[in-house]
Protein chains: 4
Amino acid sequence: MLDACINIRTMLNRNARRAAVLGASGYSGAELLGLLQRHPSLEPAFATSEAGAGGRVPGSSLRYVRAEDVPFREVDVVFTCLPHGEAGELSLRARGDGALVVDLSSDLRDGTAGAVYGLPELWRSQVRGAALVANPGCYPTGILLTAAPLLAAGLMDRSRPLIVNAASGVTGAGRSAKRELLFGQVAADYRAYGLGNTHRHVPEIARSLAVLAGAEVPFVFSPHLLPVRRGILETIYVPVADGVGVAEVEAAWRQAYGGERFVELWHGELPSLRSVVGRNVVALGAAGVAGMPGMVVVVAAFDNLVKGAAGQALQNANLMLGLSEEEGLPQ
Amino acid sequence: MLDACINIRTMLNRNARRAAVLGASGYSGAELLGLLQRHPSLEPAFATSEAGAGGRVPGSSLRYVRAEDVPFREVDVVFTCLPHGEAGELSLRARGDGALVVDLSSDLRDGTAGAVYGLPELWRSQVRGAALVANPGCYPTGILLTAAPLLAAGLMDRSRPLIVNAASGVTGAGRSAKRELLFGQVAADYRAYGLGNTHRHVPEIARSLAVLAGAEVPFVFSPHLLPVRRGILETIYVPVADGVGVAEVEAAWRQAYGGERFVELWHGELPSLRSVVGRNVVALGAAGVAGMPGMVVVVAAFDNLVKGAAGQALQNANLMLGLSEEEGLPQ
Amino acid sequence: MLDACINIRTMLNRNARRAAVLGASGYSGAELLGLLQRHPSLEPAFATSEAGAGGRVPGSSLRYVRAEDVPFREVDVVFTCLPHGEAGELSLRARGDGALVVDLSSDLRDGTAGAVYGLPELWRSQVRGAALVANPGCYPTGILLTAAPLLAAGLMDRSRPLIVNAASGVTGAGRSAKRELLFGQVAADYRAYGLGNTHRHVPEIARSLAVLAGAEVPFVFSPHLLPVRRGILETIYVPVADGVGVAEVEAAWRQAYGGERFVELWHGELPSLRSVVGRNVVALGAAGVAGMPGMVVVVAAFDNLVKGAAGQALQNANLMLGLSEEEGLPQ
Amino acid sequence: MLDACINIRTMLNRNARRAAVLGASGYSGAELLGLLQRHPSLEPAFATSEAGAGGRVPGSSLRYVRAEDVPFREVDVVFTCLPHGEAGELSLRARGDGALVVDLSSDLRDGTAGAVYGLPELWRSQVRGAALVANPGCYPTGILLTAAPLLAAGLMDRSRPLIVNAASGVTGAGRSAKRELLFGQVAADYRAYGLGNTHRHVPEIARSLAVLAGAEVPFVFSPHLLPVRRGILETIYVPVADGVGVAEVEAAWRQAYGGERFVELWHGELPSLRSVVGRNVVALGAAGVAGMPGMVVVVAAFDNLVKGAAGQALQNANLMLGLSEEEGLPQ
């Protein structure tokens with residue numbers, strides 16, 4: 001039966017779309033490449049690595065090439081997994097050569113060059129028609145999926161700030177050799193960084209919350225570095241309007257995400273980091289605070305490399321190519 | 001020179017006070033025993049372990065005995081490191097037999113039997129004269145040391161809740177064999193537990209904040225389990241009064257803790273977990289939030305087994321015995 | 001296309017075989033259940049957990065039942081993932097009721113009740129016709145796959161012992177609550193256990209090597225506990241005959257495993273633990289020792305829960321059921 | 001009493017010797033600086049860091065300077081904790097200016113410039129009179145302390161190789177930013193490196209074993225990288241002469257190390273990594289192999305940064321300065 005599928009895939013793959021992954025030896029690039037290798041109708045045709053050019057891609061018959069050697073005109077979709085600052089320009093060049101582009105950096109998230117902000121659960125129709133998509137940052141993905149239905153339903157008290165205490169595994173910081181990311185530094189440690197709304201995701205969060213609410217939403221964002229490889233868990237203190245509690249929050253989520261495959265609603269229990277690692281989901285759970293109306297505590301957990309990066313990029317590409325959104329994605 | 005010290009110690013040790021550690025094979029009991037072995041004028045005379053009775057105490061010439069076999073009348077000070085529920089009764093029995101007692105469980109923290117709440121930096125004079133001290137819980141230690149000077153100086157806006165997002169290493173949960181504390185469960189995970197002010201430390205925090213403020217202080221307490229052995233880092237969102245910022249917070253701390261050896265004030269940088277592990281300190285740092293007056297974010301970091309348990313217990317015992325408070329404590 | 005596959009699967013699944021997993025809440029049982037959920041022609045029909053009976057199986061619509069409530073007569077294949085000592089009896093009962101059985105414990109590995117030792121790459125034809133299979137232990141799997149082709153080709157000097165220095169992640173020790181497996185004990189540690197050929201896998205290794213060699217093969221087996229969740233890496237010091245080096249070892253492996261999907265031969269590089277985690281493979285690599293003929297050092301790496309347990313069990317079940325051996329197995 | 005000691009120390013410290021640590025921001029340099037800060041009669045006067053020059057040394061009133069700014073003529077002892085290749089030249093310059101020198105790199109371990117190989121338990125008298133000492137490598141320390149008494153007593157069968165399967169925490173690889181040492185690479189991994197006697201410690205081991213045995217000793221050395229910060233555990237397969245077993249091995253160790261404070265002999269149990277971390281000891285334990293005479297398995301465990309580097313360097317410096325060997329060393 002698997003063989004049958006593989007045969008069907010081989011047949012169909014004569015028509016498989018060709019993908020290029022720019023920056024395929026970083027953590028999110030490698031994750032994306034792994035997903036593409038099992039994708040039924042997208043084929044990884046090019047993988048770039050400046051340092052590794054010429055070498056073999058692990059677990060594949062491909063060899064790394066330089067980005068400048070990718071013939072964008074012969075590629076259906078380009079995923080740009082390069083560092084912020086380098087990514088945008090290459091994405092635009094690929095787009096200029098006719099490829100569809102999903103840029104995983106923050107370079108185009110402000111709408112530069114008409115890029116669509118690609119959070120499918122919130123802006124699916126825009127993504128579907130887009131040729132250039134900016135994939136959301138990892139931290140914002142969880143925050144926006146938490147808040148969007150609550151803002152839409154008027155459940156939040158916007159006079160008080162949303163407080164997001166976030167913790168991320170180290171792969172979120174990329175695979176460049178930095179002293180502060182050495183095992184000897186990170187192991188047995190836990191630390192805050194970018195406190196006081198100084199993290200580079202803050203403008204993206206502010207902009208997107210404002211779009212959802214139609215007005216500015218005050219928030220405090222406090223990222224922390226966890227001694228784990230992957231996963232983000234955000235503990236979110238939501239100021240809610242009078243009479244709003246866990247039940248209303250859960251109802252708003254159910255209404256918004258009832259049909260969504262990649263948002264998981266937990267009830268009576270809260271998601272942990274490990275419950276989501278390796279899967280393309282954001283898991284949401286809520287708890288009330290005894291004796292304190294006006295506050296609901298939300299836990300949003302997801303894999304920074306999957307729903308926070310490569311998996312979401314694939315959702316976007318599937319939509320842009322007219323494929324089924326969930327093709328090639330681990331449940 | 002070390003030899004000189006050791007000789008002096010030996011001489012003085014003819015007068016060394018004798019200590020008993022009840023529950024010496026748990027994490028905080030073992031930590032305390034280690035501290036006592038290097039204490040210049042307190043000598044570990046008895047260490048109990050019900051399961052390990054008869055066996056040798058690692059790194060010592062002592063053997064574990066059963067709690068019932070400790071002659072409390074021949075002991076100067078008893079440290080009770082037993083599980084909540086078991087500890088209080090034994091502490092009272094030891095006290096009845098004339099020993100000074102520091103109880104590390106939560107059994108007596110509500111003042112039962114006249115026990116003094118032993119957070120020396122806040123209530124030193126009470127501890128000095130006490131014969132029965134309840135050692136504070138680990139989480140409350142950081143919260144109270146953060147808040148006390150701010151409440152005293154009127155810097156907090158008590159109409160809004162203090163939000164404490166806390167993360168602890170697993171030794172805080174003790175050394176009993178529980179499935180959820182297995183390496184296979186905890187490694188690569190991070191999870192919230194006891195959300196919504198349901199953790200057993202909540203009444204202790206509420207009670208102590210109320211004592212400090214002279215009125216109830218609203219707060220939200222959200223503990224999380226970190227995949228590390230030791231250390232607590234609390235990210236505390238402090239609602240501050242008009243015109244109050246990081247400078248005022250730091251000034252209040254400096255005034256309160258200027259002469260304290262075991263509170264470390266960080267400026268311009270925030271303490272991380274690893275910066276405090278193994279040391280008897282609470283490290284405090286503060287950050288403002290860009291564009292959001294009325295909020296200061298504090299990071300309080302400390303070792304749950306040292307300043308959060310055994311080290312603080314030793315501070316208390318030193319005070320009760322009329323010794324110098326810092327004797328035997330790692331700086 | 002995936003949908004096409006799913007439809008085909010649904011159609012075929014009218015004929016899907018029904019599987020029961022006994023002990024489905026332990027680490028290898030849960031791993032196996034996860035594999036079955038994605039298996040195209042085997043369906044997890046029953047999952048047992050004595051402690052968790054009545055509760056929902058994570059990520060599934062199944063509920064745990066007690067082992068005694070599984071109607072073995074209505075099941076095609078039973079996987080017994082229970083502790084050694086409990087497993088064998090239940091396996092025999094299931095077999096008596098007509099089910100095919102793969103027992104993952106050590107209870108039947110000595111051939112009790114005619115059980116076939118199920119290491120497919122070495123004894124595939126016996127497995128194919130078997131109704132009762134004893135799944136090999138994790139450690140032996142790597143040792144036997146390393147040594148079998150070398151013994152067959154006469155490359156080993158059997159007068160000197162094979163030395164196996166093995167290191168395993170903690171899931172190999174199961175999910176029972178034991179103090180020595182707590183995160184607080186295992187983290188930042190590494191230790192030998194069962195040195196001097198006292199580990200319970202020693203008789204299994206001895207027996208199987210003797211079968212392969214037609215005579216006793218001397219060996220030393222030294223397991224160690226790694227502070228990781230999963231994976232085994234065995235560093236094996238192979239005494240080789242005159243004139244034998246890495247090239248001859250690799251050639252013997254290539255000849256034996258050229259057509260095998262689940263044995264991965266590395267050349268010029270050695271497999272690491274992380275290169276195999278989550279995959280159903282044993283990866284083998286070899287290195288010579290400068291200036292020391294007569295010795296080849298082999299590294300065998302594999303995931304103790306996949307090729308060392310659940311994945312191999314599925315290979316066996318596929319063969320017993322007449323399915324394609326690789327169905328449902330991650331590459 | 002502690003105060004008394006501190007006063008005595010202050011008095012004596014008028015005569016304290018002045019030390020310089022070259023490369024004080026690396027792992028072993030920082031460890032050494034920490035030890036010096038508590039040393040009763042050695043005072044850290046200079047700490048160098050090229051990258052950090054001008055910045056404050058954590059936990060100290062010192063500031064980092066550049067190595068070229070250290071006035072070696074005003075310093076009693078210099079510890080060179082620089083990378084191999086850079087260290088030797090600076091050590092010789094410091095020696096030329098009159099300072100005593102302990103070089104922790106491998107640059108002088110072959111006796112270059114008359115450097116004495118500083119393993120005090122084996123060559124104490126040579127160290128005592130030396131002005132230039134090469135501190136042993138971490139791995140060799142455990143191997144040599146294991147083997148020396150066995151070679152001296154004629155217990156080893158030198159016709160068969162000693163096999164050393166070693167595992168080290170990552171701080172052994174230094175604190176330079178290297179991609180392969182990132183947390184994201186090392187966590188949840190375990191791997192061999194430098195197999196086949198290609199590790200740079202091999203010549204040092206060969207040379208020192210030959211000195212001890214008066215002839216070449218065949219050995220195989222296989223280092224592995226553990227996902228922990230610190231600690232080395234070596235599992236050593238010792239070929240022993242006819243009639244030699246664990247008892248004879250332990251007796252030889254007892255005779256050699258009976259009076260040694262920094263060699264710990266375990267009996268009936270084997271040392272684990274965590275039992276030695278933070279302490280200046282090598283712990284040794286031995287096990288026989290059932291049914292296999294001629295082989296004893298030894299476990300040697302020690303902290304690579306303490307007895308494997310900074311602690312041993314301090315032993316050497318104490319001896320060179322005529323101080324008590326154990327001054328300033330954690331037991």
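Model, not experiment: these values are computed from the prediction.

## What to know about the packing of aromatic side chains
Each aromatic ring pair is described using two quantities: the centre-to-centre distance and the angle formed by the ring planes.
Logical step 1: By the definition in use, this model includes 12 aromatic pairs over all chains.
Logical step 2: Here Tyr139 of chain C and Phe221 of chain C contribute two aromatic rings whose centre-to-centre distance is 5.0 Å and whose plane-to-plane angle is 70 degrees, an arrangement assigned as edge-to-face. Of this pair, Tyr139 of chain C sits in helix H5 (residues 138-152) while Phe221 of chain C sits in strand E10 (residues 219-225), placing them 82 residues apart in sequence. The same class applies to Tyr139 of chain C and to Phe221 of chain C, which are both buried.
Logical step 3: Just above the ring of Tyr27 of chain A sits the side chain of Arg175 of chain A; from NZ or CZ to the centre is 5.7 Å.

## Brief notes about the relation of the copies chain D and chain C
Logical step 1: Superposition of chain D onto chain C requires a rotation of 180 degrees combined with a translation of 0.0 Å along the rotation axis, giving an RMSD of 0.0 Å. Here the copies are linked by what is in effect a two-fold axis.
Logical step 2: By residue overlap, the copies meet face to face through one surface: 100% of the interface positions of chain D are interface positions in chain C.

## Here's the deal with the relation of the copies chain B and chain A
Logical step 1: In the superposition of chain B on chain A (RMSD 0.0 Å, axial shift 0.0 Å), the rotation amounts to 180 degrees.
Logical step 2: Counting the interface residues of chain B, we find that 100% of their copies in chain A are interface residues as well, pointing to one common contact surface.

## As for the packing of H5 of chain C against helix H7 (residues 202-213) of chain C
Each pair of packed helices can be described by the angle between their axes along with the distance between the axes.
Residues and elements named next belong to chain C.
Logical step 1: At a minimum axis distance of 10 Å, the contact between H5 and H7 shows a crossing angle of 20 degrees. Here H7 runs roughly parallel to H5, going by the angle between their axes. For the pair H5 and H7, the sense of crossing is right-handed. In contact with Pro140, Ile143, Leu144, Ala147, Ala148 and Leu151 of H5, H7 contributes Glu204, Ile205, Ser208, Leu209, Leu212 and Ala213.
Logical step 2: Here the residues of the contact of H5 with H7 sort into 10 nonpolar, one polar and one charged.

## What to know about the interface of chain B and chain A
Logical step 1: Counting from both sides, the interface comprises 40 residues of chain B and, opposite them, 40 residues of chain A.
Logical step 2: Counting each side, the surface lost to burial between chain B and chain A is near 3,000 Å², with a carbon and sulfur contribution of 66%.
Logical step 3: It is Tyr190, Tyr237 and Arg274 of chain B that lose the most area in chain B upon contact with chain A, and together they represent 20% of the buried surface on that side.
Logical step 4: Our count for the chain B to chain A interface comes out at zero salt bridges.

## Looking at the pairing of strand E7 (residues 162-168) of chain B
Residues and elements named next belong to chain B.
Logical step 1: When you tally the buried positions in E7, you get seven out of seven residues, the bulk of the element.
Logical step 2: The alternating pattern of E7 places Leu162, Val164, Ala166 and Ser168 on one face and Ile163, Asn165 and Ala167 on the opposite face, and all of these are buried.
Logical step 3: Alignment of E7 against strand E9 (residues 219-225), held across seven bridges, turns out to be parallel. Within E9, the residue paired with Ile163 across the bridge is Val220.
Logical step 4: Relative to strand E10 (residues 232-239), E7 is paired through six bridges, and the arrangement is antiparallel. Counterpart to Ala167 in the pairing with E10 is Leu233.

## Some thoughts on the sheet that holds strand E4 (residues 77-80) of chain C
Residue and element names in this part refer to chain C.
Logical step 1: Ordered by their spatial adjacency, seven strands build an open sheet running E3-E2-E1-E4-E5-E7-E6, and the pairing between neighbours is parallel. Among the strands making up the open sheet, the edge pair consists of strand E3 (64-65) and strand E6 (116-117).
Logical step 2: Across four bridges, the pairing between strand E1 (residues 17-22) and E4 is parallel. Looking at E4, one finds that Ala19 is bridged to Val77.
Logical step 3: The sheet strands contacting helix H9 (residues 306-320) are strand E2 (42-48), E4, strand E5 (100-103) and strand E7 (132-134), and the helix crosses E5 at an angle near 160 degrees.

## Points about helix H4 (residues 120-128) of chain D
Logical step 1: All of the buried residues along H4 of chain D are Pro120, Glu121, Trp123 and Val127 of chain D. Axial view of H4 of chain D: buried residues confined to an arc of 140 degrees, hence all on one face.

## A short note on the layout of surface pockets
Residues and elements named next belong to chain B.
Logical step 1: In this structure, the second largest pocket occupies an estimated 1,200 Å³ of space.
Logical step 2: Lining the second largest pocket are 45 residues; nearest its centre among them are Thr171, Gly172, Ala173, Gly174 and Arg175.
Logical step 3: Those elements that provide at least two residues to the lining of the second largest pocket are helix H2 (27-37), helix H5 (138-152) and helix H9 (306-320).
Logical step 4: Across the lining of the second largest pocket, the residue classes break down as 16 nonpolar, 20 polar and nine charged.

## Structural notes on the pattern of salt bridges
Logical step 1: A full pass over the atoms with the stated rule returns 44 salt bridges over all chains.
Logical step 2: Two residues, Arg160 of chain C and Asp157 of chain C, come together in a salt bridge whose shortest N-O distance is 2.9 Å.
Logical step 3: Among the ionic pairs, Arg191 of chain D bridges to Asp189 of chain D, the shortest N-O distance being 3.0 Å.
Logical step 4: Through salt bridges that share partners, Glu31, Arg230 and Asp303 of chain A make up one connected network.

## Points about the side chain of Ser41 of chain D
Logical step 1: Here Ser41 of chain D is to be found in the loop between helix H2 (27-37) and strand E2 (42-47).
Logical step 2: Within the local environment of Ser41 of chain D, its side chain forms a polar contact with the side chain of Glu327 of chain D, the two groups lying 2.5 Å apart.

## Comments concerning the sheet that holds strand E4 (residues 100-103) of chain D
Residue and element names in this part refer to chain D.
Logical step 1: The parallel open sheet is built from six strands, whose spatial order is E2-E1-E3-E4-E6-E5. Only two strands of the sheet have a single partner each, and these edge strands are E2 and strand E5 (116-117).
Logical step 2: Where E4 meets strand E6 (residues 132-134), three bridges bridge the pair, whose relative direction is parallel. Bridge assignment links Asp103 to a residue of E6, and that residue is Ala134.
Logical step 3: Strands E2, strand E3 (77-80), E4 and E6 of the sheet are contacted by helix H9 (residues 306-320), whose axis makes an angle of about 160 degrees with E4.

## A closer look at the state of the cysteines
All names here are of chain A.
Logical step 1: Taken as a whole and judged by the stated rule, the model has zero disulfides over all chains.
Logical step 2: You can see Cys81 has no disulfide; the closest cysteine sulfur is in Cys138, sitting 13 Å from it.
Logical step 3: On the basis of relative accessibility, which here comes to 12%, the residue Cys81 falls in the buried class.

## Observations regarding the interface of chain D and chain C
Logical step 1: At the junction of the two partners, chain D supplies 40 residues and chain C supplies 40 residues.
Logical step 2: Buried area between chain D and chain C, summed over both chains or domains, comes out near 3,000 Å², and the portion from carbon and sulfur atoms is 66%.
Logical step 3: On the chain D side of the contact with chain C, Tyr190, Tyr237 and Arg274 of chain D bury the most area, a combined 20% of that side's loss.
Logical step 4: Here chain D is connected to chain C by zero salt bridges.
Logical step 5: Applying the counting rule to chain D against chain C returns 22 residue pairs in polar contact (both at pLDDT 80 or more).
Logical step 6: Broken down by secondary-structure element, the contributors of at least two residues to the side of chain D that touches chain C are strand E7 (162-168), helix H6 (183-186), strand E8 (191-192), strand E9 (219-225), strand E10 (232-239), strand E12 (282-288) and strand E13 (295-302) of chain D.
Logical step 7: Taken together, the residues that form the side of chain D that touches chain C break down as 27 nonpolar, 10 polar and three charged.

## So, unusual backbone geometry
Logical step 1: The residue Ala188 of chain C is not glycine, and still its phi comes out positive at about 65 degrees.
Logical step 2: Locating Ala188 of chain C in the fold gives a position in the loop between helix H6 (183-186) and strand E9 (191-192).

## What about the pairing of strand E3 (residues 77-80) of chain A?
Logical step 1: With burial as the criterion, each face of E3 of chain A is covered, one bearing Val77 and Phe79 of chain A and the other bearing Val78 and Thr80 of chain A.
Logical step 2: In the classification by handedness, the crossover that spans E3 of chain A, the intervening helix H3 (residues 87-96) of chain A and the parallel strand E4 (residues 100-103) of chain A is right-handed.

## Brief notes about the environment of Asp242 of chain C
Logical step 1: Mapping Asp242 of chain C onto the fold places it in the loop between strand E11 (232-239) and helix H8 (246-257).
Logical step 2: Taking the C-alpha atoms as reference, Asp242 of chain C lies 17 Å from Pro149 of chain C; in sequence the two are 93 residues apart.

## A closer look at a negative patch on the surface
Logical step 1: On the surface, Glu50, Glu68, Asp69 and Glu86 of chain A cluster together into a negatively charged patch.
Logical step 2: With respect to the helices and strands, the residue Glu86 of chain A is situated in the loop between E3 and H3.

## Quick look at helix H8 (residues 246-257) of chain B
Logical step 1: Here H8 of chain B is 12 residues long and its end C-alpha atoms lie 16 Å apart, about the 16 Å a rise of 1.5 Å per residue gives.
Logical step 2: The elements touched by buried residues of H8 of chain B are helix H4 (120-128), H5, strand E11 (263-265), strand E12 (282-288) and strand E13 (295-302) of chain B.

## Let's talk about the packing of helix H4 (residues 120-128) of chain C against H9 of chain C
Residues and elements named next belong to chain C.
Logical step 1: The interhelical angle for the contact between H4 and H9, taken along N-to-C directions, is 35 degrees, at an axis separation of 9 Å. Of the two possible hands of crossing, H4 and H9 adopt the one that is right-handed. Here Pro120, Glu121, Arg124, Val127 and Arg128 of H4 come into contact with H9, specifically with Lys307, Gln312, Gln315, Asn316, Leu319 and Met320.
Logical step 2: In terms of residue class, the contact of H4 with H9 is made up of four nonpolar, three polar and four charged.

Reading guide: rules and limits
Residues numbered from 1 in each chain as written. Chains lettered and ligands numbered in written order. Predicted model: local features only at pLDDT ≥ 70, side-chain atom pairs only at ≥ 80, totals over all residues. Heavy atoms only, no water. Phe/Tyr/Trp six-rings, centres within 6.5 Å; stacked < 30°, edge-to-face > 60°. Helix = DSSP H or I, 4+ residues; strand = E, 2+ residues; numbered from the N terminus. Buried < 20%, exposed > 50% of the residue type's maximum accessible area, 1.4 Å probe, protein only. Lys NZ or Arg CZ within 6 Å of the ring centre and 35° of its normal. Least-squares fit on C-alpha atoms with pLDDT ≥ 70 in both. Contact = heavy atoms within 4.5 Å. Axes fitted to C-alpha atoms, helices over the stretch in contact; angles between N-to-C directions. Parallel < 35°, antiparallel > 145°, perpendicular 65-115°, else oblique. Left-handed = near helix turned anticlockwise from the far one by under 90°. Nonpolar A, V, L, I, M, F, W, Y, C, P; charged D, E, K, R; others polar. Buried area = accessible area lost by both parts, 1.4 Å probe. Salt bridge = Lys/Arg side-chain N within 4 Å of Asp/Glu carboxyl O. Pairing = 2+ DSSP bridges. Arc of directions from axis to C-beta. 1 Å grid on protein atoms, 1.4 Å probe; cavity = no way out; pocket = protein on both sides within 12 Å on 5 of 7 lines; lining within 4 Å. Points joined across faces, edges and corners; volume = space filled by probe spheres on them. Polar contact = N/O pair within 3.5 Å; in protein donor to acceptor, adjacent residues only side chain to side chain. Disulfide = S-S within 2.5 Å. Right-handed = clockwise from strand over helix to strand, strands pointing away. Patch = residues over 30% accessible without salt bridge, like charges linked within 9 Å, V, L, I, M, F, W, Y side chains within 5 Å. Areas by Shrake-Rupley, 256 points an atom, 1.4 Å probe, with all protein chains shown as cover. Lys, Arg positive; Asp, Glu negative; His and termini not counted. Charge placed at Lys NZ, Arg CZ, Asp CG, Glu CD. Expected span 1.5 Å × (residues − 1).

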